[in-house]
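# What the coordinates show
The chain contents come next:
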Amino acid sequence: MSLSSSALAELWSRGVAANPGAPAGVLLRLLDPAVAEARRILCEERGLPQEVMDAVVAHPEFRVRRSFARNPHVPPAQRGRLVADPHDLVRAQLASGPHPRPRQPAPLPDDVLIALLTAEDDDPQLLTASEIVWELLGSFQVTLAFRYRMLGHEHPALRSLTTGLWSWLTPAQREALLTDPHPDVRASAGHYVRSADPAAMEADLPERGHARWVILNNHALSDAVVEASLADPQCRWSIAGNPYTPRDALARLARDADPLVRERVAQRADLDPALWAELAEDPDERVRTRARVQPLPRTRAQCLAVDHEMGEGENDCTCPILEPYEEPDLDWYRACAVSEEVALRRAAATCAALPSDLVARLAEDPDESVRHRLASCHPLAPAETVLAAFVARPRQRPHLLVQSRLPRTGLAHLLGHEDPEVRALAAADPTGRAPVELLTDPDPRVRRAAASNPLFSGDALERLLQDPATAEGAAANPGLPAVRLHALLDAVGLPR
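Since this is a predicted model, take the numbers as computed values, not measurements.

## Quick notes on the overall build of the chain
Summing up its helical and strand segments, the chain has 33 helices and zero strands in all. Principal-axis analysis of the C-alpha atoms places the extent of the chain at approximately 80 × 60 × 40 Å. Considering the chain as a whole, with its 496 residues, one finds that 47% of them fall into the buried category. Counted over contacts in the chain with a minimum sequence separation of 6, partners at least 24 positions apart contribute 49%. Of the roughly 23,700 Å² of accessible surface on the chain, a fraction of 55% belongs to carbon and sulfur atoms. If you average the places of the 54 positive and of the 70 negative side-chain charges in the chain, the two averages end up 2 Å apart.

## Looking at a negative patch on the surface
Taken together, the side chains of E120, D121, D122, D123, E131 and E135 make up a negatively charged region of the molecular surface. For D121, the location among the structural elements is in the loop between α8 (110-117) and α9 (129-137).

## Observations concerning the packing of α8 against α9
At their nearest, the axes of α8 and α9 sit 9 Å apart, and the two run at 140° to each other. Between α8 and α9, the crossing angle belongs to the class labelled oblique. Residues L113, L116 and L117 of α8 form the contact with α9, whose own contacting residues are I132, V133, L136 and L137.

## Some remarks on the packing of aromatic side chains
What the rule picks out here adds up to two aromatic pairs. A centroid spacing of 5.9 Å and a plane angle of 15° characterise the contact between W166 and Y192, whose relative ring orientation is stacked. Taken together, the positions of W166 in the loop between α11 (156-161) and α12 (171-178) and Y192 in helix α13 (residues 183-195) put the pair 26 residues apart, joining distant regions of the chain. Judged by its relative accessible area of 27%, Y192 is partly exposed. Centre to centre, the rings of W332 and Y333 are 4.8 Å apart; their planes meet at 70°, and the pair counts as edge-to-face.

## Points about a nonpolar patch on the surface
Judged by side-chain polarity, W213, W237 and L260 come together as a nonpolar surface patch covering roughly 320 Å² of accessible area. Secondary-structure assignment places W213 in helix α15 (residues 210-218).

## Comments concerning helix α25 (residues 356-363)
All of the buried residues along α25 are L358, V359, L362 and A363. Mapping the buried residues of α25 onto a view down its axis gives an arc of 145°, with all of them on the same face. Check the buried side of α25 and you find it contacts α23 (330-337), α24 (342-349), α26 (368-377) and α27 (383-392).

## Notes on the pattern of salt bridges
What the rule picks out here adds up to 36 salt bridges. For D365, the salt bridge is made with R345, and the minimal N-O distance between the two is 2.5 Å. Of this pair, D365 sits in the loop between α25 and α26 while R345 sits in helix α24, and the two are 20 residues apart along the sequence. Looking at R345, the relative accessible area reads 11%, which means it is buried. A salt bridge links D443 to R445, with the shortest nitrogen-to-oxygen separation between them at 2.9 Å. Overall, the relative accessible area of 14% leaves D443 in the buried class. One salt-bridge network, held together by shared partners, links E37, R40, E44, E45 and R70.

## Quick look at the side chain of S195
Note that S195 resides in helix α13. Residue classification places S195 among the buried positions, given a relative accessible area of 10%. If near-sequence neighbours (up to four positions away) are discounted, S195 is found in contact with M201, H219, A220 and Y244.

What counts and what doesn't
- Residues numbered from 1 in each chain as written.
- Predicted model: local features only at pLDDT ≥ 70, side-chain atom pairs only at ≥ 80, totals over all residues.
- Heavy atoms only, no water.
- Helix = DSSP H or I, 4+ residues; strand = E, 2+ residues; numbered from the N terminus.
- Buried < 20%, exposed > 50% of the residue type's maximum accessible area, 1.4 Å probe, protein only.
- Contact = heavy atoms within 4.5 Å.
- Areas by Shrake-Rupley, 256 points an atom, 1.4 Å probe, with all protein chains shown as cover.
- Lys, Arg positive; Asp, Glu negative; His and termini not counted.
- Charge placed at Lys NZ, Arg CZ, Asp CG, Glu CD.
- Patch = residues over 30% accessible without salt bridge, like charges linked within 9 Å, V, L, I, M, F, W, Y side chains within 5 Å.
- Salt bridge = Lys/Arg side-chain N within 4 Å of Asp/Glu carboxyl O.
- Axes fitted to C-alpha atoms, helices over the stretch in contact; angles between N-to-C directions.
- Parallel < 35°, antiparallel > 145°, perpendicular 65-115°, else oblique.
- Phe/Tyr/Trp six-rings, centres within 6.5 Å; stacked < 30°, edge-to-face > 60°.
- Arc of directions from axis to C-beta.

Below, the structure written as structure tokens:
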């Protein structure tokens, strides 16, 4: 095989690996080590038939199984089959989760989580069981609901996990954890009791570092620590948001010279009416707005929702969309959806439980950021709203591309768009006309998408297979029959 033919064959193998119409018998041939990049694409970058997933999970080479463990396109239950894999790097990748990390991560099944969280070191290779657990806890695959279900579990490591829900537990549940027969569970629960003890926290407060920041923001503070923090410009912002900060200190912080400190006081749910009224007339516009946008009474959950939207403003938030700590207050979100305050409408747009009539209203909102938040967060967002967000918000595209709500047809008007990612989406539209002009696009992603369009067939598709600029995309064309796909892999030299 000539050099040019060899290069074409590699492009064909990569294209076949991505071909959504390729049957299992074709895809199984790509597990051969001779086509390493095609094998990686197959295992890591697409959904797979069950027969292929079975073969990957049982594959003798750990790199194949590790690629599958990070595949965001396969169900968590399928990736979870690797929980007892003999290689620690495979288990660690399962714990770390899919890559790129989905904005809305899907949790692993309970039995998989339990196995990872309770694993013990037998014959550690590169990573310990504890290190794999830390990977898991940072992956967003352990939901709040799972933690709550572990209350009363027979394994102490799982009972310890529930102490992180301390403020949402009942007094009886807290007492059960504080008197648990296992010392690790009691110690974990005791940490949360200690966090509400001003004397204990003063004793634990380090002079610097992240631990000091955490305590000043979240834990009970002694009078001495409060006074020292009020005298330190580096600490006043932290205690301005601490739920334990006393009212007399809040009154002083509400008149601080730094508007960021005053704004943080204005964010609190526990403001008394007089202090709220004072901040609503603050000389700084942002402080005034933060107070006025949420009249009293207001809850901490409501404040957090508004804080997020005011902090992001027109920005393009890509933070994970996680399970809420508590059931959303739908009456409040309904009121937000019809508010004149854009920050409240943005908050409403992020509520996945918002009813359809208000979704339709927000989809027509005059503020673009409201519509774009709706597209990213709500399962009922109209297709045209999702498409508009895809076009306007490049950072949202990885998230939107895996949503069934993103239109894949009727995109002819985007074929000439200046952004190559938008042209690539339009180039794959199997309706309308074949995107001939995009076969010579300067961006390889666009050329691949255009050549994979099933509107190309017959002789035209064969010509695309012979052109290095379009060969990979043409091999990914779902219009190619299985016999032709097998022939392409024969040219690569893969065994049947």
